[in-house]
Amino acid sequence: MSRLQEIARQPGLAAIGLVLGGALWGLMWVPIRGMQGAGLPGAWSGLALYAVAVTLMVPVLIVLKARPLAHLAVLIPCGLLTGTAFSLYSTSLVLTEVVRAVLLFYLSPIWATLLGLAFLGERLSPARLGALALGLGGLAVMMGGGALRHGPNLGDLLALISGMSWALGSFFLYRAGTVAVTEQVFSFVFGALVITGATLLVGGGGIAQAFDVRAIGAAAPWALVAGMIVVPMLFLTIWPATLLSPARVGLLLMSDIVVGVITAAIWSGEPFGWREASGALMITAAGFVEVLGHSPSHEA
């Protein structure tokens, strides 16, 4: 084993990497909103983002001699499900408020719990029941009475579905344990590119809005920044997950919600009141309760 491989196997370093990866997740909205401001509306900003990410991954695959075609049976379902999650999440960031998109996506541990109860024979423990109550309660508080009367907007729905897709995709990630991290990352961004393209073909005006071709040049720097965030973000998310327990992974990734909510409250210029703050606290608490209640005490 090389010195670099030995370093990469250190749990402490993996934990630091996971916190940084979560922080990058929380900052992803900045370049996406930048592309929107430059004139790329709806899902077009996501298409530019994932096109850049795929392009950046090609030389990485060549240098590391990765062979994604040898693992298609595993990578295709993983790529499509996680790609759907990434694609819908990036689109939701321009169709609804950033805080709402972040929190709705971060309900994914709740959906993972429900999937475990339905398909893996897991039990509904008091901790999980409490996590479900906190998560769904935080959702209700954040959305408010108006959303309950008139329904959520399109961006809210996309963020919610993206979290569900990520939860479902995580089940397939267990099968990808023997597949190289580089190949997994490529399948995720390529799947996101494919799904975003399909979304533009079948989506309505809110998703596939017309734009001035000159906006491509103006948005290009933001697209490059976004791609340079997404690629290391995925490496810093997947690599630690191969070394750390699910409990630690779930807790450390909460840097995503912390960074996303705080930066959105400061920079997005969108309303941030008691509903958003209370919803954020309840959903974060739901994640803590679910992760700690699901794991053995020594893992917690």
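Each chain carries its own residue numbering, running from 1 in the written order of its sequence. Where local features are concerned, this predicted model is filtered to residues with pLDDT of at least 70; where side-chain atom pairs are given and counted, the filter is 80 or more; whole-chain, interface and lining totals use all residues. Calculation of side-chain values draws on the structure's entire complement of heavy atoms; hydrogens and water are dropped beforehand.

Chemist: So what exactly am I meant to see when it comes to the overall build of the chain here?
Modeler: When helices and strands are tallied, the chain shows 14 helices and zero strands. Only DSSP runs of H or I with at least four residues qualify as helices, and only runs of E with at least two residues qualify as strands; both kinds are numbered from the N terminus onward. Of the regular secondary structure in the chain, the N- to C-terminal order runs α-α-α-α-α-α-α-α-α-α-α-α-α-α. Here the chain holds 300 residues, and 49% of them are scored as buried. For the chain, the proportion of contacts with a sequence separation of at least 24, taken over those separated by at least 6, is 89%. As displayed, the chain offers around 13500 Å² of accessible surface, 72% of which is attributable to carbon and sulfur atoms. With a 1.4 Å probe rolled over the protein chains alone, any residue whose accessible area is under 20% of its type maximum counts as buried; one over 50% counts as exposed, and the rest are partly exposed. Throughout, a residue-residue contact means that at least one pair of heavy atoms, one from each residue, lies within 4.5 Å. Per-residue and other accessible areas were derived by the Shrake-Rupley procedure at a 1.4 Å probe size, with only the shown protein chains allowed to occlude residues.

Chemist: Explain helix α4 (residues 44-63) to me, please; I cannot follow it from the model alone.
Modeler: Counting along an α-helix, one turn takes 3.6 residues, and residues three or four places apart therefore face a common direction. Expected span, for any helix, means 1.5 Å times one less than how many residues it has. End to end, α4 covers 30 Å across 20 residues, agreeing with the expected 28 Å (1.5 Å per residue, within 8%). If you check which residues of α4 are buried, you get Ser45, Gly46, Ala48, Leu49, Tyr50, Val52, Ala53, Val54, Met57 and Leu61. Next to the buried residues of α4 lie α3 (29-38), α5 (72-95), α10 (181-202) and α11 (215-241).

Chemist: Where do I start with unusual backbone geometry in this structure?
Modeler: Among all residues save glycine, negative phi is the norm, and among peptide bonds the norm is trans. For lysine 65, which is not glycine, the phi torsion reads 55° and is therefore positive. As for its placement among the helices and strands, lysine 65 is situated in the loop between α4 and α5. Taking the relative accessible area as the measure of exposure, lysine 65 reaches 72% and is therefore exposed.

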